[in-house]
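# Structural overview
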Amino acid sequence: MQPQLDRNLRLTLLSNMVLIRAFEDRISELAREQGRLPGMQITCHGQEAIAAGVVRAMIREDVIVTNHRSHGHMLARGVDPNTLMAEIMGKRDGLNRGKSGTLHLADPARNVLMTSTVVGAAPLLAMGAAFAQHYRNEQAATSVFFGDGAAAEGSVHEAMNMAAVWKLPVLFVCESNCWAGAQSHDEHCPIKRVADRAPGYDMPGVVVDGNDVEAVYIAAKRLLEQCRTGRGPAFLECLTYRMHGHGEIDEQHYVDKDELAAWAERDPIELYVKVLQTDGVLDSRDAVEKQAVQTVDAAVAFADASPYPPPEEALEHIYVHPIGQEG
Amino acid sequence: MQPQLDRNLRLTLLSNMVLIRAFEDRISELAREQGRLPGMQITCHGQEAIAAGVVRAMIREDVIVTNHRSHGHMLARGVDPNTLMAEIMGKRDGLNRGKSGTLHLADPARNVLMTSTVVGAAPLLAMGAAFAQHYRNEQAATSVFFGDGAAAEGSVHEAMNMAAVWKLPVLFVCESNCWAGAQSHDEHCPIKRVADRAPGYDMPGVVVDGNDVEAVYIAAKRLLEQCRTGRGPAFLECLTYRMHGHGEIDEQHYVDKDELAAWAERDPIELYVKVLQTDGVLDSRDAVEKQAVQTVDAAVAFADASPYPPPEEALEHIYVHPIGQEG
Amino acid sequence: MTVKSFGQAVAEGLTLALEMDEGVFLAGEGIGTSIHVNPHLPTYQLLERFGSRRVRDTPVSEAAIAGLAVGASCMGLRPVVEIMYFPFFTLASDMIINHAAKLRYLSGGLSSFPLTVRIKSGMFAAGCQHSHYLEAWLAHVPGLKVVYPSNPADAKGLILSAVFDPDPVVIIEEMPLYWSIHDEVPEGDVRVALGKARVAREGQDATLAAYGGVVHVALKAAETLAKEGISLEVIDLRSLVPLDTASVLDSVRKTGRFVTLHDATRFCGFGAELVAMVAEQCHGELKAPPRRVAAPDIPVPFTPPQEEFYRPSADTVADTVRKLVGRS
Amino acid sequence: MTVKSFGQAVAEGLTLALEMDEGVFLAGEGIGTSIHVNPHLPTYQLLERFGSRRVRDTPVSEAAIAGLAVGASCMGLRPVVEIMYFPFFTLASDMIINHAAKLRYLSGGLSSFPLTVRIKSGMFAAGCQHSHYLEAWLAHVPGLKVVYPSNPADAKGLILSAVFDPDPVVIIEEMPLYWSIHDEVPEGDVRVALGKARVAREGQDATLAAYGGVVHVALKAAETLAKEGISLEVIDLRSLVPLDTASVLDSVRKTGRFVTLHDATRFCGFGAELVAMVAEQCHGELKAPPRRVAAPDIPVPFTPPQEEFYRPSADTVADTVRKLVGRS
Ligand SMILES: Cc1ncc(C[n+]2csc(CCOP(=O)(O)OP(=O)(O)O)c2C)c(N)n1
Ligand SMILES: Cc1ncc(C[n+]2csc(CCOP(=O)(O)OP(=O)(O)O)c2C)c(N)n1
Ligand SMILES: [Mg+2]
Ligand SMILES: [Mg+2]
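Residues numbered from 1 in each chain as written. Chains lettered and ligands numbered in written order. Predicted model: local features only at pLDDT ≥ 70, side-chain atom pairs only at ≥ 80, totals over all residues. Heavy atoms only, no water.

### A look at the sheet that holds strand β11 (residues 232–236) of chain C
Residue and element names in this part refer to chain C. The sheet built from five strands is open, its strands ordered β9-β11-β10-β13-β14 with mixed pairing. Edge positions in the open sheet fall to β9 (198–201) and β14 (291–295), since each of these has one partner strand only. Across the sheet, the mean angle separating the axes of adjacent strands is 25° when strand polarity is ignored. (Pairing = 2+ DSSP bridges. Helix = DSSP H or I, 4+ residues; strand = E, 2+ residues; numbered from the N terminus. Axes fitted to C-alpha atoms, helices over the stretch in contact; angles between N-to-C directions.)

Okay, here's the thing in C-alpha cells:
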C-alpha cells in the first residue's frame, strides 16, 4: 500500500497530466496541418505520469535535463505553455527565440537546464550539472530523463559510472516505453529491466509502474532525497508504453494492435481519475480538462500571433560576445 | 578442486609464462638503454598467467583482439619472438614493418587480428570480429583483452550490449590489475568486481584468480566453449596486479610498497612452479628458463640486425591501392 | 536505363551488392524496420527481401555500429553501415578515424578494412544536432575515401564502388535528395570510379566545383547566367578523396576563374582546400580572385526562415559569378 | 619576468585561475596523480596544492570528462578539462561539437558554457593512435574558440583568457614543448587576448603564418634565410578561432608572398583556410603562388625515421621560401 498523498498534491498531479495530454493532443493535430509545425513532432502520449510524478517530487533547486521527448517535463516544471508552443512553432516569442524548436528546449530560469536530442547525451550533461551541485555543496539534485533505447549508448554508461564513482546527486529516470524508434526492447537490450544494471554502478535501481503517477512520485521522492543527502546517484525505471508513433508521422505499422490496445486500457490519466474519484478527491474531471484546453488554446493563439524571428538572427547567440566584437 | 590437466599442457602453460616473463624482462632492460626502444614500453609483468591461460584455452580458429599490454598475448599465441622484438624496436623486419611498434601489433596469420591502444576500443573490434564468425556460422570465438580501467569507457558497454543482443561469440577478458595508469580501482569503478556487471548484459560473469594459470585456463575454456556453441558472449575477470609501472618510465610513486610486495609473493610463475614440482611434473625449471632466455637473446639479435625501414615507406600501407595508382 | 529517385538508386546499388557478394551485410538504426514507410528510402524493404542476417537493425549505439564494421571487415566481410545523421558521426568517430582509417597502416599492410559507412546528411527542420555538414573532417583523415553523390546514377555507381573497394569508404547521402531528385539510372552492375569528377555542364567563363545536392543549385545558377551570356562550367566532384584534381585544374586553366560551393560552413570547409589548390597551381592564370560560396559560420538553424538563410542559394552563386566575370 | 618552461607557464596560468575563481576546477586522466613525475607538466603538484575537489583525476572516460565540462559550465562553473591525447578527442567529440558548441545557440542565448578543453598534442614515438593533429576539425565548428600557443608567455596568457572566456575554448598544447621550450613569462594575471596574432619576426620578402611548435621551425628557417639575404616575416597566429585575419593580410600585402606551416596533414588542413583566405583577399597582390608546408597525407608514423619523415622541417620551409622569392 502506498501512503496517502496530500489532496492538493494529488490534484496537481492530475492537472499536470491533463495539461500535458491536452498540449500533446494539440501538437498531434497541428502536426497534421501542412506547414504549421516545422520538423518532426515527438509527443509523450501515455508517458504523462512519469513527467508529472518525477517533476512534482523535485524541489525548486533541483535541475532537469531532458531529451527529445521533453514537452511533458517542461510543462510539469511550469514552463510557460505560450512560449513553449511558440518555440515549437519556431517563432520569435518562443522560449528560445525559435532556435530550438521542439527538440532542444531549455528554460534555465525554471531549472530546465538543457535538452539534448542526441540519444544518450542527456545523462552526461546531467552528471556534469550534478557535479556543480555537489561542488557547491547544494542540497539539490538533477533528474535526467532518457529512453530505454538510450541505455544502449556508451554515454549513459559513462555518465552512470562517473556519477557513481563521485557520488553525484543524479536521478537517472529511464522511461521504458518498449520502443526505440521502430525497434522493440529486445532488439536493443539483452535484459528485461534496464534498472537491473544499476547494481553494477553501486546504485539503487528501482522499477515502478510508469503509468501510476503516485508510484512514480513516491519512488522519485525517496530517490531524490537520497541524491540530495550525499548518498550518490540512483536509477528509476518507469515502465510505460509509447502511445503515439515515434514521431507524429510514424504510423506504427510495426506495433501490435492488441498490445497497444491493452496499454490504452492502462491510460495513466484514466487510471488516476478513477483512483481520485474512488477516494472522493476529484469533484469535476471536466473542469480540469476544460482548464487545460483553455491553456492550450491560449498557447496556440499566442504562438500564432508571434512572427518568425528575422532570418539574420541566425547569426546570433553563438558566442556571448560575437567574434570581432569582443569587449 | 580443479580437474587435473594434461602434463604437456601444464608444461606448455609454464613455458608460455616463462617465455613472456623473459621477454618482458628484456624489454624492461632495453627500455633503460637510451635510444634502444622507441616510445614508452608497457609490459605485462605479473599478468603472464592470464595470457597463457586464456590463449591456451583457445582453438586455432579463435581470434584475439588486444590492447596496449599485448606482448604476453602475442607470445602465448605463438607469434615469432624475432619479428615481435624487431617490431617493438621499429625495425624493417618487424611483424608490421615498424609501423606498429609495441602498441598496435597485429599478426592476422596467427589470428591475432588487431590491437588497439585506444583504451576500451578492443572490445568493439572484437564484437565486430565475432559478428563475422557468427555470420559465417564458424565454430569459433573471439577473445578480447582489456583492463579494469577500460571498463569505464562507453565503448566497452556498447560492445557488451551489442554482443549480448546478438549472441555473438566474444569472451570479454578483463585483466583487473588494480590500476589504470596512476589511478586505483576505486577511482574509476564504483564496484569491486567488474564482472558483476555481466548479468546486466545477460552474460555469465566469472571471477578467477588471475595469478593461477590453471584457474584461468579452465574458466576460459568453459566460457569459450559456450561462446562457440551459440550461447552468446561471456565475461571473465582475472584478478591480478600490475607488477611494473604503467610504462617502464613509471616509478610507481603512488603504489603502496607493502601491497606490491604481497603480490610479489603471489607471482604466477613461482606459484605454478611450486604446483608442478609438488605434482612431480616439472623436472628442471632451469631448462625452461634457459630456453626462454635463449629465445629472447635470439630475438634481440635478430631485431638488432634489422635496419630501420626506409623513411619514405611511411607513405605506404595506407590504402590497398595507393591513391592515384588504382588498378 | 530507368528513371529512379536518388533513394531508389542507392537501394538498387545496395541490392546488387547484397546479391553479388554473400559477405556484404547492412547494419544501422532502423534500416530494416523503420518508422518511415517510404519507397524512396535506400533500405526500403531490404529486410523483407534479404532477411535479418544480411540487413540488421541495431541498437542506438553508433560506436558499436562502427566497431562492428571495423571488426567484421578485418575478418573479410564487406559491412555497409549507416550513421543516421551526420552529427552522430562524432559518436562513431573514434572507430572510423582511429581504427578504420589507421589499422591497416599500423599493421604494416597485413590487414585491410573493406567497409562502407553511409552517412545521412542534409537539413530537415530539426536543427544542428541533426544537421551538420562535416565532410571536411573526413577528407582531412588519410586512410578514408569520401564520396558524395549528387544524382541517382552516381549514387548507385558510387555505392557499388564503395562496397567493393578494399578500403574504408564513407559515402555521404543527402536525405532530401532521396525523393526530390529523379533521373535515369543504368541497369546492372555499373560502377562509378572513385576519384573521377564529372562535368555537369560545360562552360567557358568560370569554373564552379561542387558536390552533392548543391550541384543542382549550381546548375540552376548556370541556367540563369546563360541567359545573361555568362557561361559557367559546373564540375560535380563526386568524390572528395580521392579528389580529381586534374579535372578541376584543367577547367580552371580553361576559364581562368574559380568558385566553389557547399552547404558546409565556410571556415575550414572543403572549399578552402579547393581554393588553396587552385591558388597554388593556377597562380597567374586566374583572371579574378577565387571565391567560395558556402554557409555562414553558424550552426544549422532550426526555424524555417533561418534554415533558408543558412543555405547557399542559386542567387548567391549567380551574383558571385557575375562579380568574377566583371558583370555586376 | 622569470624564465619558465612552457609546461610551467601553463601550470602558472592554471594556478592563477584556480586561485582567482572558486568556480574553476580541473579534471582529466592522471592530472592529479600521474605516472609521470615531471615539474614541467602543466598540472604538476596542483592536486597537492588545491586538493581533490578542485583538481580531479577522472576515470578513463573521455565522453564523461567532456560531459562534465558541459554540464558544470552550464551551471556557472568554469571547468578546465584535459583530453590526454588528440586522437581521444574523437571520444569526447559529441559532447564538444554537438553540445558545448551548439547548446547556447539552441537555447537562443539563454545558456552559456564557459568551459576550457585542454588537448595534448604532438609526436612522441607512439604512432597515430596517440598523435593526430586535428585542429582543422575544431576550427571548422562554429561555437568553439581554438587557441594554439607556441611559447611560455602565450601559453600562460592564453590559458588565462580561455578559462575566463564566457564561451567554450579549446587550447591545444604540444607536449614536447612542455620541457623543450623555456622563455620569459610575465608575473601575475597577464592575459593574451584571443584572436590577436603576434609577429614573431619581422621581414619583407615573404610572410609565413604558423602556430604552435612549428613557429620555432619557421624561426629557424628565417634565420638561415636571413644569412642568404632573404627576409621572412613569421606570424604566430596564437589563436585559430577567432583568427586575426587582418594581421595576416596586412603582412601579405607588404611582402607579396605567403606560405603556411603546420604539423597537420596538408589536405583540408588549417593551411588550406589560410591560403584560401589570402588567395581570395590578395589576388593580384601576390608575386608568387601561395604555398603550404605541411605533413604528407599519412597517419603519424611510429618508427623514428618515419616520424622524422612526417615532420615538416626548417629545410623544407627554407626551400619553399627560396622558391617563392625566385632564389632556388
Ligand atoms: C545518437 C543518436 N542516435 C540516433 C538518434 C535518432 N533517434 C532519435 S530518438 C531515437 C529512439 C530513442 O529511443 P529511446 O531512447 O527509447 O527514447 P524514446 O523515443 O522511446 O522516448 C533514435 C534512434 C538520435 N537522436 N541520436
Ligand atoms: C581512450 C584512451 N584514453 C586514455 C588513454 C591513455 N591510457 C593508456 S593505458 C591507460 C590505463 C588503462 O588502464 P587499464 O584499462 O586498467 O589497463 P592496464 O594498463 O591496467 O592494463 C590509459 C589511461 C588511452 N590509451 N586511450
Ligand atoms: Mg523508448
Ligand atoms: Mg588496469
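### Overview of the sheet that holds strand β7 (residues 205–209) of chain B
Residues and elements named next belong to chain B. Overall, parallel pairing links the six strands, which are arranged β2-β1-β3-β4-β8-β7 in an open sheet. Each end of this open sheet is capped by a strand with a single partner; those strands are β2 (112–115) and β7. Neighbour to neighbour, the strand axes of the sheet diverge by 20° on average, direction disregarded. Sheet topology places strand β4 (residues 170–176) next to strand β8 (residues 234–239); six bridges connect them, and they run parallel. Counterpart to L171 in the pairing with β8 is A234.

### Comments concerning the site of ligand 2
In the vicinity of ligand 2, 21 residues are found, and the nearest of them are H68, R69, D148 and G149 of chain B together with E62 of chain D. Chain contributions to the surroundings of ligand 2 come from chains B and D. Between ligand 2 and the protein, one listed contact pairs a nitrogen atom with a backbone N or O atom of T117 of chain B at 2.8 Å. E62 of chain D has a polar side-chain atom sitting 2.6 Å from a nitrogen atom of ligand 2. Relative to its unbound accessible area of 580 Å², ligand 2 is 96% covered by the protein chains. (Near = heavy atom within 4 Å. Polar contact = N/O pair within 3.5 Å; in protein donor to acceptor, adjacent residues only side chain to side chain. Areas by Shrake-Rupley, 256 points an atom, 1.4 Å probe, with all protein chains shown as cover.)

### Quick look at the interface of chain B and chain A
The parts lose accessible area when they come together, and the size of an interface is often stated as this lost area. Of the residues lining the interface, 20 residues belong to chain B; the matching set on chain A comes to 20 residues. Of the roughly 1500 Å² buried between chain B and chain A on both sides combined, carbon and sulfur atoms contribute 51%. The interface formed by chain B and chain A holds zero salt bridges in total. Applying the counting rule to chain B against chain A returns 10 residue pairs in polar contact (both at pLDDT 80 or more). Taken together, the elements giving at least two residues each to the side of chain B that touches chain A come down to α6 (154–165) and α7 (185–188) of chain B. Residue contributions to the side of chain B that touches chain A peak at six residues, all from α6 of chain B. Here the side of chain B that touches chain A is composed, by residue class, of nine nonpolar, five polar and six charged. (Contact = heavy atoms within 4.5 Å. Buried area = accessible area lost by both parts, 1.4 Å probe. Salt bridge = Lys/Arg side-chain N within 4 Å of Asp/Glu carboxyl O. Nonpolar A, V, L, I, M, F, W, Y, C, P; charged D, E, K, R; others polar.)

### Here we look at the relation of the copies chain D and chain C
When chain D is brought onto chain C, the operation consists of a screw motion whose angular component is 180° and whose axial shift is 0.0 Å, with 0.0 Å RMSD remaining. Such values leave the two copies arranged in the relation of a two-fold axis. Comparing interface residues between copies, 100% of those in chain D also sit at the interface in chain C, which points to an isologous, same-surface contact. (Least-squares fit on C-alpha atoms with pLDDT ≥ 70 in both.)

### Looking at the interface of chain D and chain C
If you look at the interface, chain D gives 53 residues, while chain C gives 53 residues. Summing both sides of the interface, chain D and chain C together bury roughly 4500 Å²; the carbon and sulfur share of this comes to 63%. Remark: the boundary between chain D and chain C carries four salt bridges. Here chain D and chain C share 29 residue pairs in polar contact (both at pLDDT 80 or more) between them. In terms of residues, the side of chain D that touches chain C owes the most to one element, helix α11 (residues 270–281) of chain D, which gives eight residues. Along the lines of polarity and charge, the residues of the side of chain D that touches chain C split into 34 nonpolar, 10 polar and nine charged.

### Focus on the packing of aromatic side chains
Two aromatic rings are characterised by how far apart their centres lie and by the angle between their planes. All names here are of chain A. For the structure on display, the rule yields 36 aromatic pairs over all chains. An angle of 80° between the planes, with centres 6.5 Å apart, marks the rings of F146 and F172 as edge-to-face. Of this pair, F146 sits in strand β3 (residues 142–147) while F172 sits in strand β4 (residues 170–176), and the two are 26 residues apart along the sequence. A relative accessible area of 2% means that F146 is categorised as buried. The class for F172 is buried, based on a relative accessible area of 0%. (Phe/Tyr/Trp six-rings, centres within 6.5 Å; stacked < 30°, edge-to-face > 60°. Buried < 20%, exposed > 50% of the residue type's maximum accessible area, 1.4 Å probe, protein only.)

### Section: the environment of V293 of chain B
Residue and element names in this part refer to chain B. Counting through the fold element by element, V293 comes out in helix α11 (residues 285–305). Along the sequence, V293 and F23 sit 270 residues apart, while their C-alpha atoms lie 7.7 Å from each other. In contact with V293, not counting residues within four places along its chain, are A22 and R26.

### Description of the pattern of salt bridges
Pairing of side chains with opposite charge becomes possible as their charged atoms draw close. The tally for this structure, following the rule as stated, stands at 84 salt bridges over all chains. Linking R32 of chain A and E248 of chain A is a salt bridge whose minimum nitrogen-to-oxygen distance equals 3.0 Å. Here R32 of chain A, found in helix α1 (residues 7–32), pairs with E248 of chain A, found in the loop between β8 (234–239) and α9 (257–264); they are 216 residues apart in sequence, far enough to count as distant. For the salt bridge of E228 of chain D with R322 of chain D, the shortest nitrogen-to-oxygen distance reads 2.8 Å. Highlighted residues: E228 of chain D in the loop between α9 (214–227) and β11 (232–236) and R322 of chain D in helix α13 (residues 314–324), separated in sequence by 94 residues. Classification of E228 of chain D by relative accessible area gives partly exposed; the value is 31%. Among the residues examined, R322 of chain D registers a relative accessible area of 16% and is labelled buried. Ionic contacts of the salt-bridge type, sharing partners, join the residues E82, R118, K120 and E173 of chain C into one network.

### A look at unusual backbone geometry
Residue P242 of chain C is reached from V241 of chain C by a cis peptide bond, and omega for that bond is -5°. Among the secondary structure elements, P242 of chain C is positioned in the loop between β12 (239–241) and α10 (245–255). The phi dihedral of R97 of chain A falls on the positive side, at around 50°, and the residue is not glycine. Among the secondary structure elements, R97 of chain A is positioned in the loop between α4 (81–88) and β2 (112–115).

### Some details on the coordination of the magnesium ion (ligand 3)
Residues and elements named next belong to chain A. Looking at the magnesium ion (ligand 3), one finds its protein donor set to be D148 (OD), N177 (OD1) and W179 (O), positioned 2.0 to 2.1 Å from the metal centre. All donors to the magnesium ion (ligand 3) come from one chain, and their sequence spacing reads D-x28-N-x1-W. Placement of D148 in the loop between β3 and α6 (154–165) and of N177 in the loop between β4 and β5 (179–180) is noted, with a sequence separation of 29 residues between them. Judged on exposure class, the residue D148 and its partner N177 are both buried. (Donors = N, O, S within 2.8 Å, 3.2 Å for Na, K, Ca; no water.)

### Structural notes on the relation of the copies chain B and chain A
Superposition record for chain B on chain A: RMSD 0.0 Å, screw rotation 180°, translation along axis 0.0 Å. A symmetric contact is evident, with 100% of the interface residues of chain B recurring at the interface of chain A.

### Topic: the domain arrangement of chain C
Residues and elements named next belong to chain C. Split by domain assignment, chain C resolves into domain 1 (2–185) and domain 2 (198–324). One C-alpha centre belongs to domain 1, the other to domain 2; they are set 26 Å apart. Facing 24 residues of domain 1, the contacting portion of domain 2 comprises 25 residues. For the pair domain 1 and domain 2, the summed buried area comes to about 2000 Å², and 63% of that belongs to carbon and sulfur atoms. Counting every contact that joins domain 1 to domain 2 gives two salt bridges. With its nearest N and O atoms 3.0 Å apart, the salt bridge here joins R238 to D154. For the interface between domain 1 and domain 2, the tally reads 12 residue pairs in polar contact (both at pLDDT 80 or more). Broken down by secondary-structure element, the contributors of at least two residues to the side of domain 1 that touches domain 2 are α6 (135–139), β6 (145–147) and α7 (152–164). Tallied by class, residues from the side of domain 1 that touches domain 2 come to 16 nonpolar, four polar and four charged. (Domains from an automatic or database assignment.)

### Some remarks on helix α2 (residues 46–54) of chain D
When we look at burial in α2 of chain D, the residues that qualify are L46, L47, F50 and R54 of chain D. Axial view of α2 of chain D: buried residues confined to an arc of 125°, hence all on one face. Turned more than 90 degrees off the buried face of α2 of chain D, the exposed positions are E48 and S52 of chain D. Packed against the buried residues of α2 of chain D are α5 (121–135) of chain A together with α1 (6–20), β2 (24–28) and β3 (55–57) of chain D. (Arc of directions from axis to C-beta.)

### Comments concerning the site of ligand 1
Close to ligand 1 lie 21 residues; H68, R69, D148 and G149 of chain A together with E62 of chain C are nearest. Surrounding ligand 1 is a set of residues that belongs to chains A and C. One nitrogen or oxygen atom from the side chain of N177 of chain A is found 2.8 Å from an oxygen atom belonging to ligand 1. In isolation ligand 1 has 580 Å² of accessible area, and contact with the protein removes 96% of it.

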